[in-house]
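# Coordinate analysis (summary)
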Amino acid sequence: VSEASGREILRGVFEQAGYQIIEDYPLDVGGTTIHLDGYDPRRRVGYEYVTAEAGDREEITPSVYVALEAMMRRGELAIFLVDEIDVGGLAEGAKRFLSRLGTGG
Amino acid sequence: VIYGQREVLEALSEQLAELEHAHGERAALTERYRRDREGLIAEAWAAAMDLATAVLPALTPEALQQAWTLTGTPLLQEDRIAVREADRQRLSARLAEIDVDPRWLDRDRLRAPRVGTLVRKKTELEEFRLPHVELLQKAAHPRLLRLIETGYGTERYAIPFWRWSYYQDWKAGDEILERFPERKDFTALAGDLAQAATDLPVFDRQIDELEQEIAAGKALAKEREDVAEQLRTVDERHLGLARTRIAEFVGKLEHADLAERLAAPELAVLWRRASGMLAKIRYLDALQTELTTVIEGLQRDAQKTRLKIQKWARPRNAGAGMIPTEFRKLDVSARREKRRRILERQKETYAAVSGYRGWDRPDLVGDFLWWDVMTDGGLDGDFIPEVRSWREVHPPREREPWDRDDSAAAAATASAQETYESSRDPS
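Residues numbered from 1 in each chain as written. Chains lettered and ligands numbered in written order. Predicted model: local features only at pLDDT ≥ 70, side-chain atom pairs only at ≥ 80, totals over all residues. Heavy atoms only, no water.

## What to know about the nonpolar core
- A:Leu10, A:Phe14, A:Leu68, A:Phe80, B:Phe186 and B:Leu193 are the most contacted members of the largest nonpolar core, which totals 56 residues.
- Residues contacting A:Phe14, with those up to four places away along its chain left out, are A:Tyr19, A:Ile21, A:Val45, A:Gly46, A:Tyr47, A:Phe80, A:Ala94, A:Phe97 and A:Leu98.
- Counting residues in each nonpolar core, the second largest holds 49 residues, with B:Leu59, B:Ala279, B:Ile281 and B:Trp370 among its members. (Core = buried A, V, L, I, M, F, W, Y, C linked by side-chain atoms within 4.5 Å. Buried < 20%, exposed > 50% of the residue type's maximum accessible area, 1.4 Å probe, protein only. Contact = heavy atoms within 4.5 Å.)

What follows is the structure, encoded as C-alpha cells:
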C-alpha cells in the first residue's frame, strides 16, 4: 500500500466514522507549524504519516514528534500516527484507533 | 597445356588431405609421449634413489663420507647428522611439552565419549537449550523480536495507542498467541519468550566455548600423534632426505662424471640405469620438440592451402589456369614419401629410446654416448644439442663401430629438409 493509497483509506475510514477531514491541515505544534495529512479541527481528530515514502515529512522532526505526542497525552487532540512503512491492514488499525477514542470504527 | 580451375582445386584438396594426415600422425606420436613421460620420470627418479640408497646405506659419518667420495654430493658440508639431531631434539621437546599439558593428561576425563566432563557439560547445555529453541521456533514471527524488545504483553510495553505500530504489535501478538491455545493471553507467554531470547545466546556461547575447548584438545592429541610418528621415523626420514639430495645431485651429472667413481659392478649398473633414464627423457624431450616444430609447420602449410582453395574456388577464377611448372609443384606424392620415411625414423627413434633397458651391459664403461647405445648407432641424433656437441668432440673416425651407419646421415639430412620444407609455401 503506497502512502497515497494509505491516505485514501484513512480518509475513508475517518469520514465513515463521521469526521470532516481536511487534508494538509496546518497545525501549530510547540511553535512549529506542521501540515497534517488529514484532520477534523472541530473534533480535533486526524491522521498523519510520519514515515513518508517520498521523504517529504521533514517537518515532523523528532522534537515535533515528541511535542505532538505530549499534546495527545494531555488530551488536546488525537492523531493516528502511521509510524511504519508496512501498512497492511491499515483500515482495520484505523478503526481500532477510532474505537479506542469511542467515536467509531 | 594450362590446368583449369577444377584440376587445380583437386590437386590443392589432395595436398590439404596429405598435410592433415601428416599432422595427425605426428600429433599421435607427441600425444603418446605426453602420456608416457610421467611414467619415465618416475622411473628415472626411482633409479636415482636406488643408486642413492646403495651409496648411502645409513646416515653415519662413515656412510656420508662414502657417499661424498662416490658421488661428490656435498652432504658433509650440510651436516645432515646435526640437522637430524636438531630435529630429534625439537620433536622430543614438543612431545615432552604435550605430555604434561592438562588437555592431554586429562584427555579421558575431559573428552571421553559420553562421560567426559566437557562432553557431558555440552550435552547438558544442549538439553537446557532445546526447550528455548522449540519455544522460539513455535513463536517465530517477523515481529517476535520487536515484541520481546518492547515488552509487549508486559507492563514495560509503552507504545501508545495512537501509533500504527501499536496495532501491528497487537495483530502480531494475536497471531503468535493462536499457536499456544493453552495460554490465556500474551502476558502469560511474554515472560517465557523473553527468558528464552535472553538465555539462548548465553547457552549458544557456552556451547561454542565447550566445542572450542574439545576441538583444541583433539587437535593437541592429533599433534602428539604426529610428533610421535615423526620422532619414531626421524632416522629414516633424514636418511631419505639425504638420499633425495644425492638423487637430485647425480641427476644433474653426465654419465662420464661418475663412471670412474662408481665403477664397482653393483654400483655401475645402478648409475647406468639412473644416468640412462635421464638421458632417455632428454632425448625424447628433444624428439618432442622436433615433432612440435614439424607439426607447427604442417599447420601453417595446411592453412595456406586452405586459403588457396578458397581463392581458386571463387567464380571469377572459373576461367583461370595454371601453367604446368606451377601445377607440378602441387603433386604430393614425392613429399608424402619423404614425410613417411622421416616419420618412420621418428617412430623408430621413439621405440628404441623409450624401450631401452640394457643397463646391465658390462661393456658400457668409460666415456660413451647414451644415444649411440640406445639406438645402436643406427639413428641420427643431430637434432639433439647434446648429441651434436658429442659429435663435435668425437669426430666420426673415433666413433664406435655401432655409430658408423650411412643411413643415419641420410635420415639426418631428410629430417632437416622436412623441418625446412614444412615452413615453406607448399606451392
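The discussion continues.
## Quick word on helix α2 (residues 62-73) of chain A
All names here are of chain A.
- Compared with an ideal rise of 1.5 Å per residue, which puts 12 residues at 16 Å, α2 spans 16 Å between its outermost C-alpha atoms and is within 8% of the ideal.
- For α2, the complete set of buried residues consists of Val64, Tyr65, Leu68, Glu69, Met71 and Met72. For α2, the angular spread of the buried residues around the axis is 150 degrees, confining them to a single face. In α2, the exposed residues that point more than 90 degrees away from the buried face are Pro62, Ser63, Val66 and Arg73.
- Lining the buried residues of α2 we find β1 (22-29), β2 (32-40) and β4 (78-82).
- Of the residues trailing α2, glycine 75 is marked for its positive phi of about 80 degrees. (Helix = DSSP H or I, 4+ residues; strand = E, 2+ residues; numbered from the N terminus. Expected span 1.5 Å × (residues − 1). Arc of directions from axis to C-beta.)

## Quick word on the packing of helix α7 (residues 117-138) of chain B against helix α10 (residues 186-232) of chain B
Residues and elements named next belong to chain B.
- At a minimum axis separation of 8 Å, α7 and α10 run at an interaxial angle of 150 degrees. As far as their axial angle goes, α10 and α7 are roughly antiparallel. Like other packed secondary-structure pairs, α7 and α10 cross with a definite hand, here left-handed. (Axes fitted to C-alpha atoms, helices over the stretch in contact; angles between N-to-C directions. Parallel < 35°, antiparallel > 145°, perpendicular 65-115°, else oblique. Left-handed = near helix turned anticlockwise from the far one by under 90°.)

## Focus on the interface of chain B and chain A
- The interface of chain B with chain A comprises 12 residues on the first partner and 20 residues on the second.
- On inspection of chain B and its partner chain A, the count reaches 2 salt bridges.
- Where A:Glu84 meets B:Arg143, a salt bridge forms, and the shortest distance between an N and an O atom there is 2.7 Å.
- Counting across the chain B and chain A interface gives 9 residue pairs in polar contact (both at pLDDT 80 or more).
- Broken down by element, the side of chain B that touches chain A gets its largest block of residues, 6 residues, from helix α9 (residues 164-177) of chain B.
- Considered class by class, the residues forming the side of chain B that touches chain A number 7 nonpolar, 2 polar and 3 charged. (Salt bridge = Lys/Arg side-chain N within 4 Å of Asp/Glu carboxyl O. Polar contact = N/O pair within 3.5 Å; in protein donor to acceptor, adjacent residues only side chain to side chain. Nonpolar A, V, L, I, M, F, W, Y, C, P; charged D, E, K, R; others polar.)

## Structural notes on the pattern of salt bridges
All names here are of chain B.
- Taken as a whole, this structure holds 47 salt bridges over all chains when the rule is applied.
- For arginine 84, the salt bridge is made with aspartate 235, and the minimal N-O distance between the two is 3.8 Å. You can see arginine 84 sitting in helix α4 (residues 80-99) and its partner aspartate 235 sitting in helix α11 (residues 234-250), a full 151 residues away along the chain.
- Judged by relative accessible area, arginine 84 falls into the buried class, the value being 12%.
- Taking relative accessible area as the criterion, aspartate 235 reaches 38% and is therefore assigned partly exposed.
- Residue arginine 146 is joined to aspartate 169 by a salt bridge in which the shortest nitrogen-to-oxygen separation is 2.7 Å.

These figures capture arrangement, not role.
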